[in-house]
Amino acid sequence: MDALSFVMGEKPTNLRVKSIQELIHGAHIGKPVSSSASVKIIYVEESGKEKAFARIIRGGCSEFRFDDNLVSRSVYISELEKIGIIVKAQNCLVFQGTVESISLKKPKERTQFFEEISTSGELIGEYEEKKRKLQKADEDAQFNFNKKKNVAAERKHAKLEKEEAERYQSLLEELKMNKIQLQLFQLYHNEKKIHLLNTQLEHMNRDLNVTRESLSHHENTLKARKKEHGMLTRQQQQTEKELKSLETLLNQKRPQYIKAKENTSHHLKKLDEAKKSIKDSEKQCSKQEDDIKALETELVDLDGAWRSFEKQIEEEILHKGRDIELEASQLDHYKELKEQVRKKVAIMTQQVEKLQWEQKTDEERLAFEKRRHGEVQGNLKQIKEQIEDHKKRIEKLEEYTKTCMDCLEEKKQQEETLVDEIEKTKSRISEVNEELNLIRTFEILLDLCHPIHKKYQLAVTKLFGQYIIAIVVASEKVAKDCIRFLKEERAEPETFLALDYLDIKPINERLRELKGCKMVIDVIKTQFPQLKKVIQFVCGNGLVCETVEEARHIAFGGPERRKVRKEAYITPLDKLK
């Protein structure tokens, strides 16, 4: 299978090897039997002619031979395709898993696969082109048929329009006479209405004057309340400033208070320590005094003993009547004892002086700590009194601020009430003005607008249709009042167009870009801007052309013919003449 795939021009990647040299026997274990290899097939045609195809491995590449002649890969593959072997389609070899993959393909993928095998996929472009031409020919035939049909219908329609225009001219003359009668009728009734409206106007003026006086009174009250509000606002701001200054002062004093409190606690600790040391010193002092007294007593006893000893010696000397001479050893012992007594007395004297000096120092320190404690207590008391004063002042300021805020809220509510009353008064004034200035009824639509040129007169008349003698009014309420009046007077029914009741569709701005035509709303002018809505409602996306050919071209021959026929109504001028 690999040999057939190799000689039929398959790439090494399709032969499950990385390089073409691995196809040589033994190359996969590193011991190829040769440095080259070749596969050759011979194809015998029906006429008996033989064609030899060979592919040889040389080095890292392969050679292609056809009838023992060296050829390129493209020539080799083209010769294989001539005998029905297509390398890309793999129509001669069935690899492992190919049948399963074909069975799992979708119908569209299977069709594409068969087209690749049969080489019919090369004709797809030509088939699509011919199919497109056929569809275009069908569309053109249908378009020509519709065009011929529409031309006949247009001729019939133009004839009917001409008859309708002539009938319209006769009706227009009759309309003029009826309008004269209508004007006389309206003049008569308008005089009656003017008298009635003048009476109502006088009543309205009196009510308006009362309302204006009330409004001026409320405005003066509002100004006074605003002035009071300003004063209260300034007072509140001043109070807030004082409160902030007190808070700042309090914040400044707080570190001093904390520091004084810490110093006080520190001094209290030191005072306790000093008291303890004084108590210890007093204990030591009393102990040392006891020792001094004991030493003094001992010293007195020694002095008494020494004096008694000296007296005894003197008495003995006097008694014996002869001089007593001490031996040298006794004299030395005497001097030694005397020196010991003198040293002991000196040491005890120094200890007494030292204890007296320490006692004096401790007494001075105790007096200093007591004075210091008294000063700290005085400062602490003074700071506490200041804090209490500040707290009381803050409470008073908070109460005053709360009172000011309550007063301010009350003033704001009064202001809102006055503003609501003013708004109601203003709305009432506007209602009165609306009642005084009654919304007037417009005239017939044809009398309110006219074309920019006489040549558009007939086209505009045709497009207006049933709305040509419609009466334009400002609102739905006026239209209902007019209809009610006509019913009461048993007059002929009329069509009314209310400005606030019309459902106006947006204009297709792309129709303005078409050449050879104009939109009907662009050839009509009026003195009343509010009537543009009525004209847009009546005309819609209507177009007017100079000739029938231009109208036919726009309706049937242009790129937007379907959209134009659907969205616009086209009127040719030369047919209307």
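Residues numbered from 1 in each chain as written. Predicted model: local features only at pLDDT ≥ 70, side-chain atom pairs only at ≥ 80, totals over all residues. Heavy atoms only, no water.

**Let's talk about the environment of Lys 275**
To keep it simple, the criterion reads: Each helix is a run of DSSP H or I of at least 4 residues and each strand a run of E of at least 2, with the numbering of both proceeding from the N terminus.
Structurally, the position occupied by Lys 275 is in helix H5 (residues 124-320). Separated by 95 residues in the primary sequence, Lys 275 and Lys 370 place their C-alpha atoms 9.8 Å from one another.

**Overview of the packing of aromatic side chains**
Any pair of aromatic rings gets described here by the distance separating the centres and the angle formed by the planes. Applicable threshold: Working definition: rings of Phe, Tyr and Trp (its six-membered ring) pair if their centres are within 6.5 Å, and the pair is stacked with planes under 30 degrees apart, edge-to-face with planes over 60 apart, and tilted otherwise. Note on exposure labels: buried denotes an accessible area under 20% of the residue type's maximum, exposed denotes more than 50%, and partly exposed covers the range between, all computed with a 1.4 Å probe on protein chains only. Two conditions define a charge located above a ring, namely a distance within 6 Å from the ring centre to NZ of Lys or CZ of Arg, and an angle within 35 degrees of the ring normal.
This structure, assessed with the given rule, holds two aromatic pairs. Between the aromatic rings of Tyr 467 and Phe 537, the centroid separation amounts to 5.7 Å while the plane-to-plane angle is 65°, which identifies the pairing as edge-to-face. With Tyr 467 in the loop between helix H8 (457-464) and strand S6 (471-473) and Phe 537 in helix H10 (residues 532-539), this pair connects stretches of sequence that are 70 residues apart. Under the relative-accessibility criterion, Tyr 467 is labelled partly exposed at 22%. If you follow Lys 193 out to its NZ or CZ, it ends over the ring of Phe 485, 5.3 Å from the centre.

**What to know about helix H2 (residues 73-82)**
Inclusion rule: Note: the arc covers the axis-to-C-beta directions of the helix.
Listing the buried residues of H2 in full gives Tyr 76, Ile 77, Glu 79 and Leu 80. Burial along H2 is one-sided: seen end-on, the buried residues are contained in an arc of 160°. Facing away from the buried surface of H2 by more than 90 degrees, the exposed residues are Ser 74 and Lys 82.

**Structural notes on the UniProt feature "coiled-coil region" (unreviewed entry) in the chain**
What counts here: UniProt positions are given in the numbering used here, feature names are shortened, and annotations may be inferred rather than shown by experiment.
Here the UniProt feature "coiled-coil region" (unreviewed entry) sits at residues 148-178, 271-305 and 331-435. The span residues 148-178 shows a helical share of 100% and a strand share of 0%, and its end C-alpha atoms are spaced 44 Å apart.

**Describing the pattern of salt bridges**
To be explicit about the condition: Every case where a carboxyl oxygen of Asp or Glu lies within 4 Å of a side-chain nitrogen of Lys or Arg is listed as a salt bridge.
Here the structure, examined in full by the defined rule, presents six salt bridges. Close ionic contact of Asp 481 with Lys 477 constitutes a salt bridge, the shortest N to O distance being 3.6 Å. In this pair, Asp 481 and Lys 477 both sit in helix H9 (residues 476-489), four residues apart, roughly one turn of the helix. You can call Asp 481 partly exposed: its relative accessible area is 33%. Members of the salt-bridge network, linked through shared partners, are Lys 477, Asp 481 and Arg 484.

**Focus: the environment of Ile 24**
Cut-off, in case you're wondering: By definition in these notes, contact holds between two residues if any of their heavy atoms fall within 4.5 Å.
Of note, Ile 24 is situated in the loop between helix H1 (2-7) and strand S1 (36-44). Ile 24 sits 13 residues away from Ala 37 along the chain, and the two C-alpha atoms are 6.3 Å apart. When residues no more than four places from it in sequence are discounted, the contact partners of Ile 24 are Pro 32, Val 33, Ser 34, Ser 35, Ser 36, Ala 37 and Ile 57.

**Some points on the sheet that holds strand S4 (residues 69-71)**
The cut-off we apply is this: Two strands qualify as a pair provided DSSP detects at least 2 bridges between them. Axes here mean lines fitted to C-alpha atoms, for a helix over just the part in contact, with angles spanning 0 to 180 degrees between N-to-C directions.
If you trace the four strands from one edge of the open sheet to the other, you get S1-S2-S3-S4, paired in antiparallel fashion. Every interior strand has two partners, whereas the edge strands, S1 and S4, have only one. Each adjacent strand pair in this sheet contributes to an overall mean axis angle of 25°, direction not counted. When strand S3 (residues 61-66) meets S4, the two strands line up antiparallel, connected through three bridges.

**Structural notes on the confidence of the model for the chain**
Any region with low pLDDT has predicted coordinates that should not be read closely. Put simply, the rule is: Values of pLDDT, ranging from 0 to 100, describe the predictor's confidence in every residue of the model.
Confidence along the chain averages 77 in pLDDT terms, with 84% of residues attaining 70 or more. Considering each helix and strand of the chain separately, the mean pLDDT is smallest for helix H12 (residues 561-567), with a value of 38, and largest for strand S9 (residues 524-526), with 86. Counting interchain partners and residues more than four positions distant, the pLDDT-below-50 stretch residues 436-441 has 14 contacts. Within the model, pLDDT remains below 50 along residues 561-570, and this stretch shows 30 contacts once partners closer than five positions in the same chain are excluded.

**Looking at a positive patch on the surface**
Threshold: Exposure above 30% relative accessible area and the lack of any salt bridge qualify a residue for a patch; like charges then connect within 9 Å, and the nonpolar side chains Val, Leu, Ile, Met, Phe, Trp and Tyr within 5 Å. Surface accessibility in these figures is a Shrake-Rupley result with a 1.4 Å probe; residues are shielded only by whichever protein chains are displayed. Residues scored as charged are limited to Lys and Arg (positive) and Asp and Glu (negative), so that His and the chain ends carry no count. All charge positions are set by atom: Lys at NZ, Arg at CZ, Asp at CG, Glu at CD.
On the surface, Lys 275, Lys 276, Lys 279, Lys 283 and Lys 370 cluster together into a positively charged patch. For the positive patch, the element with the highest residue contribution is H5, accounting for four residues. Tracing the chain through its elements places Lys 279 in helix H5.

**Examining the nonpolar core**
Counted only if it meets this: By nonpolar core is meant a set of buried Ala, Val, Leu, Ile, Met, Phe, Trp, Tyr and Cys residues that side-chain atoms within 4.5 Å join together.
Residues Leu 445, Phe 464, Val 520, Ile 524, Val 534 and Cys 539 are the most contacted members of the largest nonpolar core, which totals 33 residues. Mapped by element, the contributors of at least two residues to this core are helix H7 (445-448), H8, strand S8 (517-519), H10, strand S10 (543-545) and helix H11 (548-557). Of all hydrophobic cores here, the second largest spans 10 residues; its members include Met 8, Ile 41, Phe 53 and Leu 80.

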